[in-house]
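# Commentary on secondary and tertiary structure
Chain by chain, the residues:
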Amino acid sequence: MSKSRLESTSKFLSLILRHAPETIGIQLDANGWADVAELLEKAAQHGKPITRELLNEVVATSDKKRFAFSADEQSIRANQGHSVAAVDLELRPTPPPPVLYHGTASRFVDSIKATGLRSQSRNHVHLSSQMETAVSVGKRHGSPVVLTIQAQAMHAQGHPFYLSENGVWLTADVPAAFIGFP
Ligand code: HQG
């Protein structure tokens, strides 16, 4: 399968499984799962035919492991990144490493200094243990800036952290006091 077909299918699945399942008339369950047969049927009805083989390949080749099948492979969900409210990914609170990174764009820095990091349209603020990952996330928005988050200190003061299936650290808003700016 061509790389561009895999990428466009991955973007479409991100839209449906993180943000707007209603676009094709499906619902996610309480834990964010969609029924695979229904997903494929409704996607085809909405002009986005996806075969099971293509779906399997997208899940297997996703560079960030964005999606996961259930154990019986009848259901699929996104591992993180949701804006759909009320999706419980059943993540266990996990103590973070001392420091985590957040990549953003330089034009957002003044606002982040004023209010801290907000989850914006998503359900969590996304953080990475790898600085390089934060750089590439920042580049998506413009000229990248990497912020250093004092995660362990935040955790010690009662802020829960979660580690998604695909290794992204998630937390609620990050107060400015815990953020180091370059
Ligand atoms: C910024 C990708 C102004 C924040 C990545 C970011 C990630 C503020 C933007 C995942 C702010 C939100 C998520 C404040 C936060 N003032 N700007 N107070 N607080 N921001 O896309 O973290 O490829 O919702 O810095 O790898 O960029 O989709 O979040 O720039 O894991 O799988 O508001 O998306 O994964 O942008 O990216 P986003 P993000 P996928």
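Residues numbered from 1 in each chain as written. Predicted model: local features only at pLDDT ≥ 70, side-chain atom pairs only at ≥ 80, totals over all residues. Heavy atoms only, no water.

Turning next to the sheet that holds strand β9 (residues 179-180). By way of backbone hydrogen bonds, the strands of a sheet pair with one another, either parallel or antiparallel. Ordered by their spatial adjacency, three strands build an open sheet running β4-β6-β9, and the pairing between neighbours is antiparallel. This sheet does not close on itself; its edge strands, each paired only once, are β4 (99-105) and β9. Sheet topology note: the β4/strand β6 (residues 144-150) ladder contains seven bridges and is antiparallel. Residue pairing across strands places Leu100 opposite Ile149, the latter belonging to β6. Helix α5 (residues 131-139) contacts β4 and β6 of the sheet and is inclined by roughly 20° relative to β4. (Pairing = 2+ DSSP bridges. Helix = DSSP H or I, 4+ residues; strand = E, 2+ residues; numbered from the N terminus. Contact = heavy atoms within 4.5 Å. Axes fitted to C-alpha atoms, helices over the stretch in contact; angles between N-to-C directions.)

Before going further, it helps to spend a moment on the layout of surface pockets. As a volume, the largest pocket reaches approximately 1,300 Å³. Considering the residues around the largest pocket, the lining is formed by 43 residues, among which Lys64, Arg122, His126, Val137 and Arg140 are closest to the centre. For the lining of the largest pocket, the secondary-structure elements that each account for two or more residues are α1 (3-19), α3 (52-61), β4, α4 (109-115), β5 (125-127) and α5. Ranked by residue count, the leading element in the lining of the largest pocket is α1, at seven residues. The class makeup of the residues in the lining of the largest pocket is 11 nonpolar, 22 polar and 10 charged. Two domains each put at least three residues into the lining of the largest pocket: domain 1 (3-78) and domain 2 (100-180). (1 Å grid on protein atoms, 1.4 Å probe; cavity = no way out; pocket = protein on both sides within 12 Å on 5 of 7 lines; lining within 4 Å. Points joined across faces, edges and corners; volume = space filled by probe spheres on them. Nonpolar A, V, L, I, M, F, W, Y, C, P; charged D, E, K, R; others polar. Domains from an automatic or database assignment.)

Overall, the coordinates contain five salt bridges when judged by the stated rule. Between Arg52 and Glu73 there is a salt bridge whose closest N-O contact spans 3.9 Å. Of the two residues, Arg52 sits in helix α3 while Glu73 sits in the loop between β2 (67-69) and β3 (75-78), which places them 21 residues apart along the sequence. Given a relative accessible area of 43%, Glu73 falls into the partly exposed group. (Salt bridge = Lys/Arg side-chain N within 4 Å of Asp/Glu carboxyl O. Buried < 20%, exposed > 50% of the residue type's maximum accessible area, 1.4 Å probe, protein only.)

So, on to the nonpolar core. Leu13, Leu17, Leu39, Ile50, Leu55, Phe67 and Ile76 are the most contacted members of the largest nonpolar core, which totals 28 residues. Excluding residues that lie within four positions of it along the chain, Leu13 makes contacts with Arg18, Leu39, Ile50, Leu55, Val58 and Phe67. Judged by nonpolar contacts, the second largest core, of 16 residues, contains Val125, Leu147, Val174 and Ile179. (Core = buried A, V, L, I, M, F, W, Y, C linked by side-chain atoms within 4.5 Å.)

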